[in-house]
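# Architecture at a glance
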Amino acid sequence: MSDERKPFASPACSAHEVDPSYMFAPEMPKDELVALLNVLIESERAGAKTLLAWAREGAPGVDGAFLGEVQRDEARYVAGLAKAVRKLGAEPSGATGRFFDKAMTMTDWQARFAFLDKGQRWVADKVAEMLPRIRDAELRAFLTEMHRGHEVNIARCAEAARAVSH
Ligand SMILES: [Fe+2]
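Because the structure is predicted, anything quoted here is derived from the model rather than measured.

### Examining the overall build of the protein chain
On a plain count of helices and strands, the protein chain comes out with seven helices and zero strands. The order of α-helices and β-strands along the protein chain, N terminus first, is α-α-α-α-α-α-α. Considering the protein chain as a whole, with its 166 residues, one finds that 41% of them fall into the buried category. Across the protein chain, the fraction of contacts at a sequence separation of at least 24, relative to all contacts at a separation of at least 6, is 79%. Surface summary for the protein chain: the accessible area is close to 9,400 Å², and the carbon and sulfur share equals 57%.

Structure (structure tokens):
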């Protein structure tokens, strides 16, 4: 086999396939990681509780199952994040983010969807920012899925916000 046919003949050959931030970002220290995962747990719990309340009420003009589906995603992320915190030997936060209290004061569906969009965007960006500094393969896979799930739900919520009657 000639040198150029060897799959990993030199590190430079595959370097272009890797996001440069993954090569230069230092691994996140455990304490910082646990703290951030707990902030995400509180945020996702706030999202899950908010969506549960809103799904029960039902958004006029929006498919009744839709908010419940987003709610289940949020609840699933709480569970996955809690598992990751335990794997790091720490205690998952049992608190709920302040997002929930603010969300419960809102009655207008357009305002609710705008607030939800802002919260989901914050979580998606925070996860994207963390990823280059996560080395654990299982946690990387989970956070990558959580990021993708948020992007999908942000788009679906934008669609629902356009459909909601007010
Ligand atoms: Fe979320």
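The rest of the description comes next.
### Some details on the coordination of the iron ion
Taken together, the protein ligands of the iron ion are E44 (OE), E44 (OE), E74 (OE), E74 (OE), Q120 (OE1) and H150 (NE2), with distances of 2.1 to 2.6 Å. In this structure, the iron ion is coordinated by six donor atoms arranged in irregular fashion, with angles at the metal of 52 to 170 degrees. When the donor residues of the iron ion are listed from N- to C-terminus, their spacing reads E-x29-E-x45-Q-x29-H. With E44 in helix α3 (residues 30-57) and H150 in helix α7 (residues 137-163), the pair connects residues that are 106 residues apart, well separated along the chain. For H150, a relative accessible area of 1% gives the class buried.

### Observations concerning the side chain of E74
Among the structural elements, E74 can be located in helix α4 (residues 66-87). At 8.6 Å, R76 is the nearest oppositely charged side chain to E74, a buried residue that forms no salt bridge. Sequence-distant contacts of E74, that is, excluding residues within four places in its chain, are made with E44, G47, A48, L51, Q120 and H150.

### Details of the nonpolar core
Ranked by internal contacts, the top residues of the largest apolar core, which has 22 residues, are L37, L81, M130, L139, L143 and M146. Not counting residues up to four positions away in its chain, the partners in contact with L81 are L37, L40, I41, E44, F142, L143 and M146. Of all hydrophobic cores here, the second largest spans 20 residues; its members include F66, A103, C157 and A161.

### Brief notes about the packing of aromatic side chains
Applying the stated criterion across every chain, the model contains four aromatic pairs. Geometrically, the ring pair formed by W54 and W109 is edge-to-face, given 5.9 Å between the ring centres and 65 degrees between the ring planes. Here W54 is found in helix α3, whereas its partner W109 is found in helix α6 (residues 109-130), with 55 residues between them in sequence. An identical accessibility class is assigned to W54 and W109; each is buried. Ring geometry for F99 against F115: centres 4.3 Å apart, planes inclined by 10 degrees, an arrangement best described as stacked. Of this pair, F99 sits in helix α5 (residues 99-103) while F115 is found in helix α6, placing the two residues 16 residues apart along the sequence. For the pair F99 and F115, one class covers both residues: buried. Directly above the ring of F100 sits K49, whose terminal nitrogen or CZ lies 4.9 Å from the centroid. Its guanidinium or amino end placed over the ring of W109, R112 lies 4.5 Å from that ring's centre, counting from NZ or CZ.

What counts as what
Residues numbered from 1 in each chain as written. Predicted model: local features only at pLDDT ≥ 70, side-chain atom pairs only at ≥ 80, totals over all residues. Heavy atoms only, no water. Helix = DSSP H or I, 4+ residues; strand = E, 2+ residues; numbered from the N terminus. Buried < 20%, exposed > 50% of the residue type's maximum accessible area, 1.4 Å probe, protein only. Contact = heavy atoms within 4.5 Å. Areas by Shrake-Rupley, 256 points an atom, 1.4 Å probe, with all protein chains shown as cover. Donors = N, O, S within 2.8 Å, 3.2 Å for Na, K, Ca; no water. Tetrahedral: all angles 85-135°; square planar, octahedral: opposite > 155°, others 65-115°. Lys, Arg positive; Asp, Glu negative; His and termini not counted. Salt bridge = Lys/Arg side-chain N within 4 Å of Asp/Glu carboxyl O. Core = buried A, V, L, I, M, F, W, Y, C linked by side-chain atoms within 4.5 Å. Phe/Tyr/Trp six-rings, centres within 6.5 Å; stacked < 30°, edge-to-face > 60°. Lys NZ or Arg CZ within 6 Å of the ring centre and 35° of its normal.

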